[in-house]
Amino acid sequence: MRKAMVLFASLFAAVAWGSSGAAEGEKEDVAGYILHHVADAHELEIEIPLSHDHVTIHLPQILIPFKAGACEPRMTDHGEVIPGILAGCLDISITKHTVMMWLAAVLLIGSILIWSNRDKTKLVPRGTGANLFEMLVLFVRDELAIKNIGKEEGPRYVPYLLTAFFFILFMNLLGLFPWMASATGNLAVTCGLAVCTFIVTQIAGIRAAGLGGYLAHLTGGVHPLLWPIMIPVEFLGLFTKPFALTVRLFANMLAGHIVIFFLLGLIFILQHPAVAMVSVPFAFGIYLLELFVAFVQAYVFTMLSALFIGMGVAMGHHAHEEHGHGHKETGPSHDHGKAHA
Amino acid sequence: MFLPSVLAASSFVEVRPGLIFWTIVTFVLVMVVLRWKAWGPILQLVQERETQISNSVESAKKMLVEAEQKMAEAKEAIAKARQEAAETVRKNQAEMTAFRDEMMAKSRKDADEFKASARREIDEQKAKAIAEVRAMAVDLSIEVAGKLINERMDDSKHRALADQFVQGLPVGGSATARRSA
């Protein structure tokens, strides 16, 4: 293994040495290169190895104006700029990360359909794919849904949690392949995912507590005089959880890619091929770490989603208990300690 | 140094509403497809399996209890049968003993009776024989005496005499011994 790594590193160094002559003239803007690669774009750039060429696929720009003429490009200091949503223009252009997300979705659906394809008349799975798949499904159901949400409400949210877990996992992993990118390294994507969790959480809360109980919960159960203080606090509290989800996933995925790019970029910053002997093994290590992080972040997102949904479900119980709505809970109580955590 | 300018120039901290829209749309579509094709069937299968397993365990438990009960019943029946058999044997033995005793007693009684009747007959026959011998002896002696004295004797007077004589004779072998002497 170590031998193979040394061989790999020296090979990489040799290639870098060979190409360094060509790169001598142009000063590489490493930081610009990296940020260009991790950022979203309106085109797909597919680099051709061992050359400076790349194939560029331009992606369609779709603009939906809410009022006539809202999407007219405006000239500013930075060049032509398309007005934002506040100006009444919704830009739903297909971008690099959109494509990556769709690719991940297609791969996800394809592989899950292959894995889950089995003799439905037999209750026991056969084969690696079916077993692995069922193991993951059972893990999400038993360890995430039922532990955090409860035995009778938990199973209802299993499909959501499973989809979140696998979708995020596939998007994370996709970025580890050459020419691909992690859609989860984009704030908008993680924000979209967090919005889904947010919506599901609120629905769970309303389902459990009823609309009245849900609204009562927003008052924090204090004296009406304190409501002007309490309601904004509770209202903001609703958004901190999805915000944490958004930033955590985004930062984790982005940071890993930037670190790998920088380790490799060191070769070009220091302008010496020997750097590859150090930076390539390091980048390889970070790559493995990224592989691990891809799973961990998918798990963390799903686990926290389950936790938040569990809090929403528990809201019903503690709305009744704390605000004394005078109707006795018959169902088994949820984990209140966890709900307050 | 370059970071602020890079951050300003780069779009990676920008949140594009369009992408949020696409994310939600994609996510919902993926969820619908997977729920329909994968999660639904698999969760149903798992549920079915769990129910089946718990049912099997339950019925196994029930069967075990039943088996234990049956085992206890069988044991009880065996013990009862054994006890009954022992009792029967004992009863038979007692009957046998009683029967044997009865038979023994009966045969003993029969034998005793037979012995007694035989003895009685012997005694009778003996007495008869003696009486006959005596009568014959009287006649004989009268005849002998008549021939000896050659005269007619008064029947009743002499018969009494002869009787007296015969009475004086010893019974059995001693009489013959005297006669031969």
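About the thresholds
- Residues numbered from 1 in each chain as written.
- Chains lettered and ligands numbered in written order.
- Predicted model: local features only at pLDDT ≥ 70, side-chain atom pairs only at ≥ 80, totals over all residues.
- Helix = DSSP H or I, 4+ residues; strand = E, 2+ residues; numbered from the N terminus.
- Contact = placed C-beta atoms within 7 Å.
- Buried ≥ 20, exposed ≤ 12 C-beta atoms within 10 Å, placed from the backbone.
- Pairing = 2+ DSSP bridges.
- Core = buried A, V, L, I, M, F, W, Y, C linked by C-beta atoms within 7 Å.
- Nonpolar A, V, L, I, M, F, W, Y, C, P; charged D, E, K, R; others polar.
- pLDDT = per-residue confidence, 0-100.
- Expected span 1.5 Å × (residues − 1).
- Bend = angle between axes of the 7 residues up to and from the residue.
- Axes fitted to C-alpha atoms, helices over the stretch in contact; angles between N-to-C directions.
- Parallel < 35°, antiparallel > 145°, perpendicular 65-115°, else oblique.
- Left-handed = near helix turned anticlockwise from the far one by under 90°.

**Structural notes on the overall build of chain B**
In terms of helices and strands, chain B carries four helices and zero strands. Secondary structure of chain B in N-to-C order comes out as α-α-α-α.

**Overview of the overall build of chain A**
Along chain A, the regular secondary structure elements total nine helices and six strands. Here the analysis covers contacts within chain A between residues at least 6 apart in sequence; of these, 66% occur between residues at least 24 apart.

**A word on the pairing of strand 2 (residues 54-58) of chain A**
Residue and element names in this part refer to chain A. Burial runs low along strand 2: only zero of the five residues are buried. Where strand 1 (residues 43-47) lies against strand 2, five bridges are found, and the strand directions are antiparallel. The residue of strand 2 that forms the bridge with Glu45 is Thr56. In textbook terms, the turn of a hairpin is the stretch between consecutive antiparallel strands, and for strand 1 and strand 2 this stretch comprises six residues, one of which, Leu50, has a positive phi near 65°.

**Details of the nonpolar core**
Core analysis: the largest hydrophobic core is formed by 73 residues, its most contacted members being Ala104, Leu161, Phe165, Phe167, Ile168, Phe170 and Met171 of chain A. At the level of elements, helix 2 (30-38), helix 3 (96-116), helix 4 (128-149), helix 5 (154-174), helix 6 (187-218), helix 7 (227-270) and helix 8 (275-323) of chain A together with helix 2 (17-149) of chain B are the ones that each hand at least two residues to this core. For this core, the element with the most residues is helix 5 of chain A, which contributes 15 residues. If we skip the residues at most four places from it in the chain, Met171 of chain A touches Met100, Met101, Ala104, Ser182, Ala183 and Thr184 of chain A.

**Here we look at the interface of chain B and chain A**
Counting residues at the interface gives 34 residues for chain B, matched by 42 residues for chain A. In terms of residue count, the dominant contributor to the side of chain B that touches chain A is helix 2 of chain B (26 residues). Its residues assigned to classes, the side of chain B that touches chain A comprises 23 nonpolar, six polar and five charged.

**Brief notes about the confidence of the model for chain B**
All names here are of chain B. In the predicted model, chain B carries a mean pLDDT of 84, and the fraction of residues at 70 or more is 84%. Element-level mean pLDDT values for chain B span from 48 in helix 4 (residues 173-180) up to 91 in helix 2. For residues 174-181, every residue scores under 50 in pLDDT, and the model assigns this stretch two contacts once sequence neighbours within four places are set aside. Interface confidence in the predicted complex, given as ipTM, is 0.81; pTM for the same model is 0.70.

**Focus: helix 3 of chain A**
For helix 3 of chain A, which comprises 21 residues, the first-to-last C-alpha distance of 30 Å matches the rise-based estimate of 30 Å (1.5 Å per residue) to within 8%. Among all positions of helix 3 of chain A, only Lys96, His97, Thr98, Met100, Met101, Ala104, Ala105, Leu108, Ile112, Trp115 and Ser116 of chain A are buried. Elements that come into contact with the buried residues of helix 3 of chain A comprise strand 1, helix 4, helix 5 and helix 6 of chain A together with helix 2 of chain B.

**Concerning helix 7 of chain A**
All names here are of chain A. Look at helix 7: 60 Å from first C-alpha to last across 44 residues, which is about the 64 Å you get at 1.5 Å a residue. Where helix 7 bends most, the angle comes to about 35°, and this point is Leu264. One or two steps after helix 7, the chain reaches Gln271, where phi turns positive at roughly 55°.

**Section: the confidence of the model for chain A**
Detailed reading of the predicted coordinates is not advisable wherever pLDDT is low. All names here are of chain A. On average, residues of chain A score 80 in pLDDT, and 83% of them are at 70 or above. Across chain A, element-level confidence peaks in helix 5 with a mean pLDDT of 92 and bottoms out in helix 9 (residues 336-340) with 42. Contacts for the low-pLDDT stretch residues 20-27, under 50 throughout, to residues beyond four places or in other chains number three contacts. In this model, residues 321-341 is a region of pLDDT below 50 whose contacts with residues beyond four sequence positions or in other chains number 23 contacts.

**Considering the packing of helix 4 of chain A against helix 5 of chain A**
All names here are of chain A. For the pair helix 4 and helix 5, interaxial distance at closest approach is 9 Å and the crossing angle is 125°. The angle between helix 4 and helix 5 falls in the class oblique. Where helix 4 crosses over helix 5, the handedness of that crossing is right-handed. Residue-level inspection shows Val137, Val140, Arg141, Leu144, Ala145, Ile146 and Ile149 of helix 4 in contact with helix 5, the latter providing Gly154, Pro155, Tyr157, Val158, Leu161, Leu162 and Phe165. Looking at the contact of helix 4 with helix 5 residue by residue, the class counts come to twelve nonpolar, one polar and one charged.

**Structural notes on the packing of helix 2 of chain B against helix 3 (residues 155-168) of chain B**
Residues and elements named next belong to chain B. Running from N to C, helix 2 and helix 3 point in directions that differ by 120°, and their axes come no closer than 9 Å. In this view, helix 2 runs oblique relative to helix 3, as classed from their interaxial angle. Along this stretch, helix 2 crosses helix 3, giving a crossing that reads as right-handed. In contact with Arg134, Ala137, Val138, Ser141, Ile142 and Ala145 of helix 2, helix 3 contributes His158, Arg159, Ala162, Asp163, Phe165 and Val166. For the contact of helix 2 with helix 3, the class distribution of residues is seven nonpolar, two polar and three charged.

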